[in-house]
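What the coordinates show
Now for the letters of each chain:
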Amino acid sequence: MDKIMIHGGSKLKGEVTISGSKNSALPILFATLLTDDPVVIKNVPSLDDVRTTLLFLNFMEKETVKRGNAIEVYSSDNRTYKHIAPYDLVKKMRASILVMGPLLARLKKADVSLPGGCAIGARPIDIHLEAFKKLGAEISVEGGYVKTFAKSGLRGTIINFRFPSVGATENVMLTAVLAEGETTIINAACEPEIEDLAVVLNKMGAKVTGAGTKNIVIEGVNKLHGFKHEIIPDRIEAATYIIAAAITKGEIILRKVIPQHLKSINDKLRKSGLYIKELDNTIYVKWVKNLYPQSIKTGVYPGFPTDVQAQWMALMCLVNGRSSIKENVFENRFLHVAELRRFGADISVGGRVVNIKGVKKFSGAPVMVSDIRAGAALVLAGLAACGTTTLSRIYHLDRGYEMFEKKLKELGADVRRFCD
Ligand code: UD1
């Protein structure tokens, strides 16, 4: 099994180009199931979750061609339309549930194995299923599969989410674009990835308005066509590198970013004393003085992203003073706490709140990655630690960070992958 070894202590310095957003690429790749026309998607990150999604498309008899960072998707003339998403594919990532919307929209039925993915909470899919029901689908669970069937077709309606789930917002958009009449999502997720999906759906001929706000209106159309699109930059990857600069007292330039998508994080880092300058699609970060502790609460966009909570925790553990973190999105997203303690972190957990007392230094340790962002936090801790850190179960990192060691090495980190 591959592992990553880090000799900590180097200050990161230089430039890093941010990859396309994983969380944007996945729903957009699933959207290609809504058409038989050719599709070109640029700036797709080379990640295991993307490869899993391409396997889905191949299983659905789509041909996928990779040219650099672009993915072309084609349908064969004699394509048979499968409505089943098997366990072997779905178990690899939770986002597989996004196959359900396009299949239901086109075939009026979808049998999808219950999703797996990161171990960061219960992660039910009740909001998705409730919405499919309102659109006219019957739902049953049999043999580990969720079966949806819209016997009399799908009809637009008003759907009021109890929580602005990112995946459920995307799934409803992916379904309602081909439903009869108008669908309104109230309390929709506002993440930039939702807006990116709406841009794509509209390029395909859909009529989606309001994406990026709490109310999204989708007027159903009969048919969707091909599109060309470039995926937005990955704001979570960008935030990880900004925090990497902060934790190593470094100085880096991030290229190909949308600074506005990082506002909640950069605002907190500035309050903490980090120098950050934003220019069009570039961010310059420089550590100039010891940081002040800052407490955060995660929330839906534009709040502080839950996907940056673990990395933030690693940083605050090394900032003199006390801070706290409240995790409002997932109920069990503190698996990295036990591993950070192995570096010497002083953290206590009570329910959804973590209290941190900054320590002077971390010492390198063997640690285990439990999910994508927990893994990123452990890499950051390893970069700042004295001595050697070895990370195991790094396949989680390969799901979400493109060329992680290469990019870190180019910034001066002493990091390498090896096979145990
Ligand atoms: C997406 C992101 C993930 C990010 C998360 C929150 C992708 C591929 N993944 O995940 O990186 O951490 O948004 O920003 O885009 N919930 C329910 N019932 C549901 C759906 C969700 O109770 O039917 C709960 C979840 O258990 C969780 C919260 O809602 O506590 C947020 O989940 P959701 O926004 O759906 O996240 P994902 O789409 O899975």
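Our subject in this report is the structure included herewith.

Definitions and cut-offs
Residues numbered from 1 in each chain as written. Predicted model: local features only at pLDDT ≥ 70, side-chain atom pairs only at ≥ 80, totals over all residues. Heavy atoms only, no water. Helix = DSSP H or I, 4+ residues; strand = E, 2+ residues; numbered from the N terminus. Rg over C-alpha atoms; globule rule 2.2 N^0.38 Å. Buried < 20%, exposed > 50% of the residue type's maximum accessible area, 1.4 Å probe, protein only. Contact = heavy atoms within 4.5 Å. Areas by Shrake-Rupley, 256 points an atom, 1.4 Å probe, with all protein chains shown as cover. Lys, Arg positive; Asp, Glu negative; His and termini not counted. Charge placed at Lys NZ, Arg CZ, Asp CG, Glu CD. Pairing = 2+ DSSP bridges. Axes fitted to C-alpha atoms, helices over the stretch in contact; angles between N-to-C directions. Parallel < 35°, antiparallel > 145°, perpendicular 65-115°, else oblique. Nonpolar A, V, L, I, M, F, W, Y, C, P; charged D, E, K, R; others polar. Near = heavy atom within 4 Å. Polar contact = N/O pair within 3.5 Å; in protein donor to acceptor, adjacent residues only side chain to side chain. Domains from an automatic or database assignment. Salt bridge = Lys/Arg side-chain N within 4 Å of Asp/Glu carboxyl O. Left-handed = near helix turned anticlockwise from the far one by under 90°. Phe/Tyr/Trp six-rings, centres within 6.5 Å; stacked < 30°, edge-to-face > 60°. Lys NZ or Arg CZ within 6 Å of the ring centre and 35° of its normal.

1. Some words on the overall build of the protein
Along the protein, the regular secondary structure elements total 14 helices and 24 strands. The C-alpha radius of gyration of the protein comes to 22 Å, within 12% of the 22 Å expected for a compact globule of 420 residues. Projected onto the principal axes, the alpha-carbon positions of the protein cover approximately 65 × 45 × 40 Å. Counting the 420 residues in the protein, one finds 56% classified as buried. Within the protein, counting contacts between residues at least 6 apart in sequence, those at least 24 apart form 73% of the total. Entry remark: accessible area of the protein is about 16600 Å², with carbon and sulfur atoms responsible for 51%. The average position of the 58 basic charges and that of the 43 acidic charges among the side chains of the protein differ by 5 Å.

2. Description of the environment of N281
Here N281 is to be found in the loop between strand 16 (275–279) and strand 17 (282–286). Look at N281 and you get partly exposed, because its relative accessible area is 43%. Between the C-alpha atoms of N281 and N187, which are 94 residues apart in sequence, the distance is 30 Å. Leaving out residues up to four positions away in the same chain, N281 has contacts with L254, R255, K256, V257 and P259.

3. Some points on the pairing of strand 3 (residues 39–42)
Of the two faces of strand 3, only one is covered, namely that formed by V39 and I41; the face formed by V40 and K42 stays uncovered. Relative to strand 5 (residues 70–75), strand 3 is paired through three bridges, and the arrangement is antiparallel. Paired with V40 across the two strands is E72, which belongs to strand 5.

4. A look at the packing of helix 6 (residues 166–176) against helix 7 (residues 192–203)
At a minimum axis distance of 10 Å, the contact between helix 6 and helix 7 shows a crossing angle of 10°. What the angle tells us is that helix 6 and helix 7 run roughly parallel. Contact with helix 6, carried on its side by V166, T169, E170, M173 and L174, involves E193, I194, L197, A198 and L201 of helix 7 and no other residues of that element. Of the residues belonging to the contact of helix 6 with helix 7, the class tally is seven nonpolar, one polar and two charged.

5. A few points about the sheet that holds strand 24 (residues 414–419)
Read from one edge to the other, the open sheet built from four strands follows the order 22-23-1-24, with strand pairing classed as mixed. Every other strand in the sheet has two partners, leaving strand 22 (366–368) and strand 24 as the edge strands with one partner each. Here the average twist between neighbouring strands, direction ignored, is 25°. Bridge count for strand 22 against strand 23 (residues 388–392) is three bridges, and the pairing is parallel. Note on strand 23: the bridge partner recorded for V367 is L391. Where helix 12 (residues 372–384) meets the sheet, it contacts strand 1 (2–7), strand 22 and strand 23, and its direction lies at approximately 165° from that of strand 23.

6. Side note on the site of the ligand
Neighbouring the ligand are 19 residues; D126, I127, S165, D307 and V329 lie closest to it. Between D126 and the ligand, the recorded distance is 2.7 Å, taken from a side-chain N or O atom to a nitrogen atom. Those elements that place two or more of their residues in the shell around the ligand are helix 5 (126–134) and helix 6. Taken together, the residues that form the shell around the ligand break down as eight nonpolar, five polar and six charged. Domain assignment of the residues forming the shell around the ligand places at least three in each of domain 1 (2–19 + 233–419) and domain 2 (22–230).

7. Quick notes on helix 4 (residues 100–107)
Among the eight residues that make up helix 4, six are buried, leaving the element largely enclosed by the rest of the structure. For helix 4, the full list of buried residues reads M100, G101, P102, L103, L104 and A105. In this structure, the buried side of helix 4 is in contact with helix 1 (22–31), strand 7 (109–113), helix 5, strand 9 (145–149) and helix 6.

8. A look at the side chain of D371
On the secondary structure map, D371 appears in the loop between strand 22 and helix 12. Buried charged residue D371 carries no salt bridge. Nearest counter-charge: R333, at 4.2 Å. A polar atom in the side chain of D371 sits 3.2 Å from the backbone nitrogen of R373. Separated by 3.0 Å, the side chain of D371 and the backbone nitrogen of A374 make a polar contact.

9. Here we look at the packing of helix 8 (residues 235–247) against helix 12
At a minimum axis distance of 9 Å, the contact between helix 8 and helix 12 shows a crossing angle of 20°. Considering the angle they form, helix 8 stands roughly parallel to helix 12. Of the two elements, helix 8 crosses helix 12, and the hand of that crossing is right-handed. When helix 8 is examined against helix 12, the residues I236, T240, I243, A244 and I247 are found in contact with a partner set consisting of R373, A376, L380, A381, L383 and A384. Within the contact of helix 8 with helix 12, the residues separate by chemical class into nine nonpolar, one polar and one charged.

10. A look at the packing of aromatic side chains
Any pair of aromatic rings gets described here by the distance separating the centres and the angle formed by the planes. Enumeration according to the criterion identifies six aromatic pairs in this entry. Both rings, one in F304 and one in W312, keep their centres 5.4 Å apart while their planes meet at 75°; by these two values the pair is edge-to-face. Accessibility assignment for this pair places F304 and W312 in one class, buried. Among the aromatic side chains, those forming a connected cluster through ring pairs are Y241, Y401 and F404. Here K82 stacks its cationic end above the ring of F59, 4.2 Å away from the centre of that ring.

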